[in-house]
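In case you want the letters, here they are:
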Amino acid sequence: MIYNLYLNPMKTNIASIKDLEKESSVLEPDGISRAKLREEVVEKTEAFLMQLPFGKAYNDDSHSIRLLEHPFTENGEKPSKVFEEIVASVDKPGINPASGRHLGYIPGGGLYASALADYWADITNRYSGIFFADPGAVKIENELIRWMIELVGYPNSAWGNLASGGSIANLTAIVAAREAKNVTPENIRKMVIYTSEQAHHSNFKAFKVAGLHNAVIRNLNLLENLKIDPSSFSQQIDKDKKQGLTPFLLVSSAGTTDAGIIDPIEDLSELCIANEIWHHVDAAYGGFFLLANSVSDALRSINKSDSVVLDPHKGLFLPYGLGVVLVKSRKALKDAFSYQANYMQDAAEIEEEISPAEVSPELTKHFRGLRMWIPLRLHGVKPFRAALEEKYLLAKYFYEKITTIKNFLAFNPPELSVVMFRYESNGIDSNQFNRLLIKEIHKDGRIFLSSTTINGTVWLRVAILVFRTHLETIDLTLEILEELAARVNNHLNKG
Ligand SMILES: *Cc1c(COP(=O)(O)O)cnc(C)c1O
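These numbers were taken from a predicted model, which means no experiment stands behind them.

(A) Inspection of unusual backbone geometry at higher detail. The backbone of Glu-276 shows a phi angle near 55 degrees, a positive value even though the residue is not glycine. Examined against the element boundaries, Glu-276 turns out to sit in the loop between α9 (265–274) and β7 (278–282). Classification of Glu-276 as exposed rests on a relative accessible area of 61%. The backbone phi angle of Phe-317 is positive, close to 65 degrees, even though this residue is not glycine. Structurally, the position occupied by Phe-317 is in the loop between α11 (312–315) and β9 (323–327).

The following block contains the structure:
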């Protein structure tokens, strides 16, 4: 008897509802409590910022994180105690990505204006997934997409999405390519993906997540400078076609993570266009160098590709949580991701702007556009151009200087802001030496560098992308390298 569901068996106890309201009232602090909480957070974050120029870039002491093993209590704890725990257990151990002396992997930074934008977005909690719900929020995100479409040089037919990072952005592009090229369970074993062993591993992860791991995946031959060799790509396409296979996707890099080199995008694009291959350029690291005069020409031909990824949380120095995908064919992006649900019918009638939910796997999402829009509006584009140009020149400066220090050599002059270098000398195991050197650098902690291995050779890397990294940081880095190389030499000679 379904209608019984609507018959209330007991009178609701009003008093207990009121009790529950009171018990949960701390979830809505009043103005005075808000001010007190806010002041404590500001005090801690200001202390963090003030000590940034002096603190370590890497801290291998992880003892303090035991503090976090407390269970949650029923009645909560004092803010001062909770915030102290974050300072000691979260803000100290490990890499400090906010530090200008973070020169490892691909760094980011964390603009202050973005932090305030997140604060704003979280307090108002605007719904930025659907135009109907917040036309202004969606317009802000779409304005950013249009700005980046112009920056990259794509036509008006392009569209994009603000994702949480470069990995999800790469996945989005790869799914769009899969749909546009009609990869099906029936044909997948004959479909060919081309990439390079220097491509970022998030692309290989994306192949798997997108169900493309059963396709033929080829790592193309690389030139000595680690760039994809277009003529060997061309030969491979012909060979594959003769075997009855269907080439459908190329993933190249505009800024590889290891060496910061740019694949020959223009030549690769020509081959892709001639052979109807979707060309995806992973420019998560390098894309925003389009803003820097000295390097922008090397990135111009990205506009010949079908899709591209740029990471504002790298190249625009935003706090972590924003990676962007742009797809030349808006239709391809929509075909891959739009879905019509009945309960969304009110929203479907307003189509003035594309909603993020139509072009992404997400529905409800963080209003992450505001953290990019506010800094661009407040500061203008010029400081970003200057900072990126500065980073490139700093990398060049490092390259010129490191090769003048005894026994150090560099892989090649930087195309963007990464330099791979190593210590090499007769009569020593250079790989072992460089491994010991990176350990000393980590133990020292004043700067943070990372290392990589290419064809059996260990390289150290300096990757310059924190907006707080300046000339004095690079001079300090050179000093530290000389000092610690001497220390490793001493150890080895004694041992
Ligand atoms: C960092 C990076 C990625 C991954 O991006 P996340 O934002 O870390 O998910 C992908 N490709 C390249 C070239 C990168 O440098």
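(B) How the structure looks around the side chain of Asn-275. Locating Asn-275 in the fold gives a position in the loop between α9 and β7. Here the side chain of Asn-275 touches Lys-241 through a polar contact of 2.8 Å, side chain to side chain. For Asn-275, the side chain forms a polar contact with the main-chain oxygen of Leu-271, separated by 2.8 Å. Residue contacts for Asn-275: discarding those within four places in its chain leaves Ile-237 and Lys-241.

(C) Fine view of the pattern of salt bridges. In this structure the tally under the stated criterion is 25 salt bridges. Close ionic contact of Lys-391 with Glu-390 constitutes a salt bridge, the shortest N to O distance being 2.7 Å. A relative accessible area of 0% means that Lys-391 is categorised as buried. A salt bridge links Arg-446 to Glu-483; the shortest N-O distance between them is 3.3 Å. You can see Arg-446 sitting in the loop between α16 (430–444) and β12 (450–454) and its partner Glu-483 sitting in helix α17 (residues 471–494), a full 37 residues away along the chain. By sharing partners, the salt bridges in this structure join Glu-440, Lys-443, Asp-444, Arg-446, Glu-483 and Arg-487 into a single network.

(D) Fine view of the sheet that holds β7. With respect to topology, seven strands assemble into an open sheet ordered β3-β9-β8-β7-β6-β4-β5, the strand pairing being mixed. The two strands at the open ends of the sheet, each matched to only one other strand, are β3 (159–163) and β5 (216–219). In this sheet, adjacent strand axes meet at a mean angle of 15 degrees when their direction is disregarded. Pairing of strand β6 (residues 246–253) with β7, which is carried by five bridges, proceeds in the parallel orientation. Across the sheet, Leu-250 pairs through a bridge with His-279, a residue of β7. With respect to the sheet, helix α5 (residues 135–152) is in contact with β3, β8 (307–310) and β9, its orientation differing from that of β3 by roughly 120 degrees.

(E) Spotlight on the packing of helix α4 (residues 112–124) against helix α14 (residues 370–379). Contact pair α4 / α14: the axes reach a minimum separation of 8 Å and the direction vectors enclose 130 degrees. Of the possible angle classes, the one that applies to α4 and α14 is oblique. Here the hand of the crossing between α4 and α14 comes out right-handed. Packed against α4, whose contacting residues are Ala-113, Ser-114, Ala-117, Asp-118, Trp-120 and Ala-121, the element α14 presents Leu-370, Arg-371, Ile-374, Pro-375, Leu-378 and His-379 at the interface. Grouping the constituent residues of the contact of α4 with α14 by class yields eight nonpolar, two polar and two charged.

The rules behind these values
- Residues numbered from 1 in each chain as written.
- Predicted model: local features only at pLDDT ≥ 70, side-chain atom pairs only at ≥ 80, totals over all residues.
- Heavy atoms only, no water.
- Helix = DSSP H or I, 4+ residues; strand = E, 2+ residues; numbered from the N terminus.
- Buried < 20%, exposed > 50% of the residue type's maximum accessible area, 1.4 Å probe, protein only.
- Polar contact = N/O pair within 3.5 Å; in protein donor to acceptor, adjacent residues only side chain to side chain.
- Contact = heavy atoms within 4.5 Å.
- Salt bridge = Lys/Arg side-chain N within 4 Å of Asp/Glu carboxyl O.
- Pairing = 2+ DSSP bridges.
- Axes fitted to C-alpha atoms, helices over the stretch in contact; angles between N-to-C directions.
- Parallel < 35°, antiparallel > 145°, perpendicular 65-115°, else oblique.
- Left-handed = near helix turned anticlockwise from the far one by under 90°.
- Nonpolar A, V, L, I, M, F, W, Y, C, P; charged D, E, K, R; others polar.

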